[in-house]
Amino acid sequence: MASIKLPDGSVKEMADGSSVMQLAESIGRGLAKAAIAANVDGKLVDLFYPLAGPHEVRIVTERDPDGLQVMRHSAAHVLAQALRHLYGRDVQYTIGPVIENGFFYDFELPPGFSADELPKVEAEMQKLIDANLAFSRQDVPPEEARRILRGENQRFKDEIIDELEKAGEKTVSVYREGDFTDLCRGPHVPATGKIKAFKLMSVAGAYWRGDSNREQLTRVYGTAFFDKKELEKYLNLLEEAKKRDHRVLGKQLSLFTISPLVGSGLILWMPKGAMLRYQLETFIRQELTRRGYQQVYTPHVGNIELYKRSGHYPYYKESQYPPIHMAERTGPVAGAATGPADLSRQAALDTEEYLLKPMNCPHHIQIFAAEPKSYRDLPVRLAEFGTVYRYEDSGELNGLTRVRGFTQDDAHLFCTPQQVEEEFRSTIELVQFVFRSLQFQDVEVRLSLRDPASAKFAGDPKLWDLAEAQLAKVLTEIKLPHTVAKGEAAFYGPKVDFIVRDVLGRKWQLGTVQLDYVLPERFELEYVGPDGKKHRPVMIHRAPFGSMERFTGILIEHFAGAFPLWLAPVQAAVLSISEKSNSYAAEVVQTLQQAGLRVEANLSADKIGAKIREATLQKVPYMLIVGEKEAQGRLVAVRTRAGVDQGQMPLEQFIGRCQKEIADHGLGEAKIPVSA
RNA sequence: GCUGGCAUAGCUCAGCGGUAGAGCGCCACCUUGGUAAGGUGGAGGUCCUGGGUUCAAUCCCCAGUGCCAGCUCCA
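Residues numbered from 1 in each chain as written. Chains lettered and ligands numbered in written order. Predicted model: local features only at pLDDT ≥ 70, side-chain atom pairs only at ≥ 80, totals over all residues. Heavy atoms only, no water.

Some words on the overall build of chain A
- Across its full length, chain A carries 22 helices and 35 strands.
- C-alpha atoms of chain A, sized along the principal axes, occupy 85 × 80 × 60 Å.
- Going through the 676 residues of chain A one by one, you find that 50% of them count as buried.
- The contacts of chain A with a sequence gap of at least 6 include a subset with a gap of at least 24, amounting to 70%. (Helix = DSSP H or I, 4+ residues; strand = E, 2+ residues; numbered from the N terminus. Buried < 20%, exposed > 50% of the residue type's maximum accessible area, 1.4 Å probe, protein only. Contact = heavy atoms within 4.5 Å.)

Given below as structure tokens:
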């Protein structure tokens, strides 16, 4: 007998070999109808899975997130089947997993396949869904699976089967629906009719096995839901997300631009974007002063020897702008060497090469090393908004979030080994403070460690172990939930990264705190300890924003362009009712500017409705409507960008409220109360 | 870097083998209007760049550049 324990704690006895479906039916017709798959002892299985002996079983239905995943995976199979029908047996299907908002499947397709074909593919899929083809499963030895899939003319599957075999699998599973056969772990929906609403989203390239040296496949993305309304909701969400895209808002709100003539990935900050950035920088600067940092400035280039010494050059040669060769300036004409001194000078110039700096740490290290240090001086915290240049592959560039020139809100802390944990803790707290101040909720904290198997990581493994242990200890002490990523460390040390998503769901690393025992070693940094002897300091690299460009990009999306008052490039728009009120409007502007507020006036011949509309679209926090009534009483009529008419108030009162709102960085959905 | 798509007015986009359009924006005039679009007129284009096919190319072909999506990479 199969003894089935259900989620409500009850136990059901069934004949051995009874299927999950039979179990569901025995519980209720409704459940059987809604059943998609089942969770048996923690494992997802098909409805035809046979039960024997004691089990804990939970029927997975359409309402269960697992059910959605199973159905989407089945949709991927239907996609493959449809492509096979349309393009023949040469179509190679490789892998087709479920992803966060849908699924994809990678194919080798006839050349010329493009997104234009998707409607045709969708139509074929719909036919297969309408046919309500049942899924079936067969467990076979690897050799048999190989034979079956070769019979289907599939060559990529061999490689997958080989791996499964190597991993010790004695049997592998093959699923069929209608005339389509695929190697698959399962489970699947009972029949294709369970796929109620689906859409193919896009076509893109992808490498077989994610290896850029191997076959380039065609990846078809799709999504599916149990309900047409759910699908529509999702598609609407995507539309809304596009409107928040910082590249779109950056243009609409005149925040930044990129000119191909200047260069790809090089950001031109327009006045409004620059003001936003200036406010962020001011905010950080104040924080740094409070926390005992010292500001420094360093140049945008550095001798290549500096980076050879630091180790950056060999590691990151690929993604640097090519070195500037001085030799090109000292050819035969320019050289005109006449004496031995000139010759040696020219020889030196000939070999000199400069890099646009890919990072600031080597420069800061030179500042630290410029004067002898005592343990009494430590920790030394050197901060700079340092602009760095990295030659990213063209395909990587993306608005403000992936660029070739960017400014880090960088700092390097030099401390004694005893100070490491405290300094590390306080920098983590600084990053958290920054994120909190900007109302970021959804931040992934990632502890990035080295991969001992990789040659990428420099320095003494013992120091790595120490550094990694220190980071983990601090994270545990401050109870900061985090993920761990092996192999993601910087070449010189482990780090804690703060990662957020953009509106399209892509993850970006913003803040970072990195522990480094390697660079102090390479540059032979030292300080004199209480014992009068030389000791080696430890470095912490940290950037709460990460880069001003990327952070600003994410911030634009975060606020959908409606920045809190303290950040808004224009804080108030003064709108005159008619040109008769223009002189008072100008006076209001001047008064507000004198009070330190950022104001724009609209004195045009437009009607007030049009002026309000324009300022609202520009997401200006406050609109001050001024007509003859206001002019007489030195008043302003306040309207928020959210569309709330807050009525008239004395000009001075408005200023006072703004100053208060700015000072406490309150989120500016125009929260000035009408009374008080 | 790879695969695919796209590139037309300041912006968003339509269009066609016979040298080009809309809406918004801009400018001017009229209007002086009280909380999300007043009216009229006007200016504005190397149809991304370079080759090729053609009597003729913005359109078709090739190459390049840039952008978009994904992959790969990522300090």
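Some thoughts on the sheet that holds strand β4 (residues 35-40)
- The strand order across the open sheet built from 5 strands is β2-β1-β7-β4-β5, with neighbouring strands paired in mixed fashion. Two strands in the sheet have a free side with no partner beyond their single neighbour: β2 (11-14) and β5 (43-45). Strand-to-strand twist of the sheet, defined as the mean angle between neighbouring strand axes without regard to direction, takes the value 35°.
- The pairing of β4 with strand β7 (residues 54-61) spans 5 bridges and is classified as antiparallel. (Pairing = 2+ DSSP bridges. Axes fitted to C-alpha atoms, helices over the stretch in contact; angles between N-to-C directions.)

So, the packing of aromatic side chains
- Inspection of the entire model under this criterion finds 19 aromatic pairs.
- Relative to Y105, the ring of Y93 has its centre 6.4 Å away and its plane inclined at 85°; by these criteria the two rings are edge-to-face. With Y93 in strand β8 (residues 92-93) and Y105 in strand β10 (residues 102-108), the pair connects residues that are 12 residues apart, well separated along the chain.
- Judged by its relative accessible area of 0%, Y93 is buried.
- Between Y622 and F654, the aromatic rings sit 5.4 Å apart at their centres with planes inclined by 90°, giving edge-to-face as the arrangement. You can see Y622 sitting in strand β33 (residues 622-626) and its partner F654 sitting in helix α22 (residues 651-663), a full 32 residues away along the chain. F654 carries the same exposure label as Y622, and that label is buried. (Phe/Tyr/Trp six-rings, centres within 6.5 Å; stacked < 30°, edge-to-face > 60°.)

Overview of the side chain of S581
- Looking at the secondary structure, you find S581 in the loop between β31 (572-576) and α19 (582-594).
- Judged by relative accessible area, which is 4%, S581 ranks as buried.
- Discounting residues that sit within four places of it in the chain, S581 has contacts with S576, V626, G627 and E628.

Quick look at the protein's contact with RNA strand B
- By nearness alone, 48 residues border RNA strand B, and Q216, S319, R506, I577 and R613 come closest of all.
- Atoms of RNA strand B within 4 Å of the protein: sugar and phosphate make up 47%, bases the balance.
- In this structure, a base nitrogen belonging to RNA strand B sits 2.5 Å away from a side-chain N or O atom of R613.
- Listing elements by their share of the surface near RNA strand B, those giving two or more residues are β14 (197-207), β15 (216-225), α8 (246-252), α20 (608-617), α21 (628-633) and β34 (635-640).
- With 7 residues, α20 is the largest single contributor of residues to the surface near RNA strand B.
- When grouped by side-chain class, the residues that make up the surface near RNA strand B number 17 nonpolar, 13 polar and 18 charged. (Near = heavy atom within 4 Å. Polar contact = N/O pair within 3.5 Å; in protein donor to acceptor, adjacent residues only side chain to side chain. Nonpolar A, V, L, I, M, F, W, Y, C, P; charged D, E, K, R; others polar.)

Description of the state of the cysteines
- Considering all chains together, one arrives at 0 disulfides under this definition.
- Between C361, a cysteine without a disulfide, and C415, which holds the nearest cysteine sulfur, the sulfur-to-sulfur distance is 15 Å. (Disulfide = S-S within 2.5 Å.)

Brief notes about the pairing of β2
- Bridge count between strand β1 (residues 2-5) and β2: 4 bridges; the pairing is antiparallel. Its bridge partner being in β2, S3 is matched across the sheet by E13.
- Between β1 and the antiparallel strand that follows it, β2, lie 5 residues; G9 among them carries a positive phi value of about 95°.

As for the environment of D497
- With respect to the helices, strands and loops of the structure, D497 is situated in strand β26 (residues 495-501).
- Taking the C-alpha atoms as reference points, D497 and L575, separated by 78 residues in sequence, lie 45 Å from one another.
- Not counting residues up to four positions away in its chain, the partners in contact with D497 are E444, V445, R446, S448, Q509, G511 and T512.
- Side chain to side chain, D497 and T512 meet in a polar contact 2.7 Å long.

Comments concerning the pattern of salt bridges
- Within this structure, the stated rule accounts for 46 salt bridges.
- For D64, the salt bridge identified is with R58, shortest N-O distance 2.5 Å.
- Given a relative accessible area of 15%, D64 falls into the buried group.
- Looking at R58, the relative accessible area reads 31%, which means it is partly exposed.
- Salt-bridge contacts for K308 lead to E305; the nearest nitrogen and oxygen are separated by 3.9 Å. (Salt bridge = Lys/Arg side-chain N within 4 Å of Asp/Glu carboxyl O.)

Notes on the packing of helix α5 (residues 142-151) against helix α6 (residues 156-166)
- It is at 10 Å that the axes of α5 and α6 come closest, and there the two elements cross at 175°. By the criterion of interaxial angle, the relationship of α5 to α6 is roughly antiparallel. On α6, the residues that touch P142, A145, R146, L149 and R150 of α5 are K157, D158, I161, D162 and E165. (Parallel < 35°, antiparallel > 145°, perpendicular 65-115°, else oblique.)

Notes on the packing of α19 against α22
- Their axes nearest at 11 Å, the elements α19 and α22 cross at an angle of 35°. Handedness of the α19/α22 crossing: right-handed. Between α19 and α22, the residues in contact are V588, T591 and L592 and L651, E652, F654 and I655, respectively.
- Of the residues belonging to the contact of α19 with α22, the class tally is 5 nonpolar, 1 polar and 1 charged. (Left-handed = near helix turned anticlockwise from the far one by under 90°.)

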